[in-house]
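Here are the chains, one letter per residue:
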Amino acid sequence: MDDVASLRPKPDIAMVLGALFALAGYLMPWFKLGDDYEWWFSGWSYAGLSSGGGWTLFTFVWLAVALGAALWAGGSAAAAMTGLVATAGTLVMSSAVVAVSFAMVPEKDALNPVANLPFGLGLPVLGIGLGLLLAGGCRATALAVLRAPAADSRPAGV
């Protein structure tokens, strides 16, 4: 009976919300090169590229792993740690995609050409989601480790 109960999802809400916010922020528009420029830089734009954007799809894979792990992270140290690893993977891949996007900004006479770009809400939402996912994963891992000795000290059959 206990084995079946341990297989049931026990989601960590912070991690689930963090993964969903990170996904939304990754898909939402980040910035475009100017007001007259048609194409917004975003994870959605890269995912839709017919050539050259395939490597950016690994971000979706990491987010899917993080979301899946978040569903069991409330009751499993292994799931919480898997979620943390997936969060790190998401951070690396999404940072690389955003860095490549900023590399497309042409040099201008202004000291900070990035400050003059039209921005959307994608990057702040992505940052909030990744922060929440990371904090939730750390908390879920710590709670699972703290619960483990208590579970080991119970009498057999309880």
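From a predicted model like this one, the values you see are computed outputs, not experimental measurements.

**Describing the packing of helix α2 (residues 13–27) against helix α4 (residues 58–70)**
For the pair α2 and α4, the least separation of the axes is 8 Å and the interaxial angle reads 160°. In terms of orientation, α2 and α4 fall into the roughly antiparallel class. Considering the relative orientation of α2 and α4, their crossing is left-handed. The segment α2 lies against α4, with M15, V16, A19, L20, A22, L23, Y26 and L27 engaging T59, F60, L63, L67 and A70. Tallied by class, residues from the contact of α2 with α4 come to 12 nonpolar, one polar and no charged.

**A few points about the side chain of S42**
Tracing the backbone shows S42 in the loop between α2 and α3 (43–47). A distance of 3.1 Å separates a polar side-chain atom of S42 from the backbone nitrogen of S45. With residues up to four places along the chain from it excluded, the contact list for S42 reads Y26, L27, M28, P29 and W30.

**Topic: helix α5 (residues 77–103)**
Side chains of residues three or four places apart in an α-helix project in the same direction, reflecting 3.6 residues per turn. Under the 1.5 Å per step criterion, the end-to-end length of α5 is 39 Å for 27 residues, consistent within 8% with the ideal 39 Å. Those residues of α5 lying buried are A79, A80, G83, A86, T87, G89, T90, M93, S94, V97, V98 and S101. Among the residues of α5, the N-terminal cap falls to S76, whose side-chain oxygen and the backbone nitrogen of A78 are separated by 3.3 Å.

**Describing the packing of α4 against α5**
With their axes 8 Å apart at the nearest point, α4 and α5 run at an angle of 155° to one another. By the criterion of interaxial angle, the relationship of α4 to α5 is roughly antiparallel. Seen from above, α4 lies across α5 with left-handed handedness. For the pair formed by α4 and α5, the contact residues are F58, T59, W62, L63, V65, A66 and A69 on the first element and A79, T82, G83, V85, A86, G89, T90, M93, S94 and V97 on the second. For the contact of α4 with α5, the residue count by class is 11 nonpolar, six polar and no charged.

Procedures and definitions
Within each chain, residue numbers correspond to sequence positions counted from 1 in written order. Residue-level local features of this predicted model are given only where pLDDT is at least 70; pairs of side-chain atoms are given and counted only at 80 or more, and the full residue set underlies all totals for whole chains, interfaces and linings. Excluded from the side-chain calculation are hydrogens and water; included are all heavy atoms of the structure. Only C-alpha atoms enter the line fits that serve as axes; for helices the fit covers just the stretch in contact. Angles between N-to-C directions range over 0 to 180 degrees. Under the scheme used here, helices are H or I runs from DSSP no shorter than 4 residues and strands are E runs no shorter than 2 residues, and both carry numbers assigned from the N terminus. Convention used here: angles under 35 degrees read as roughly parallel, angles over 145 as roughly antiparallel, angles from 65 to 115 as roughly perpendicular, and any remaining angle as oblique. Crossings are sorted by hand: turned counterclockwise from the far helix by less than a right angle, the near helix makes the crossing left-handed, and turned clockwise it makes it right-handed. Residue contacts are defined here by distance: any two heavy atoms, one from each residue, within 4.5 Å place the two residues in contact. The residue classification treats Ala, Val, Leu, Ile, Met, Phe, Trp, Tyr, Cys and Pro as nonpolar and Asp, Glu, Lys and Arg as charged. All others, Gly included, are polar. Throughout this description, a polar contact denotes any pair of N or O atoms lying within 3.5 Å of each other; where both atoms belong to protein, one of them has to be capable of donating a hydrogen while the other can accept it, and for residues adjacent in sequence the pair is counted only when both atoms sit in side chains. Take the residue count of a helix, subtract one, and multiply by 1.5 Å to get its expected span. A 1.4 Å probe rolled over the protein chains alone gives each residue an accessible area, and that area as a share of the maximum for its type sets the label: buried under 20%, exposed over 50%, partly exposed in between.

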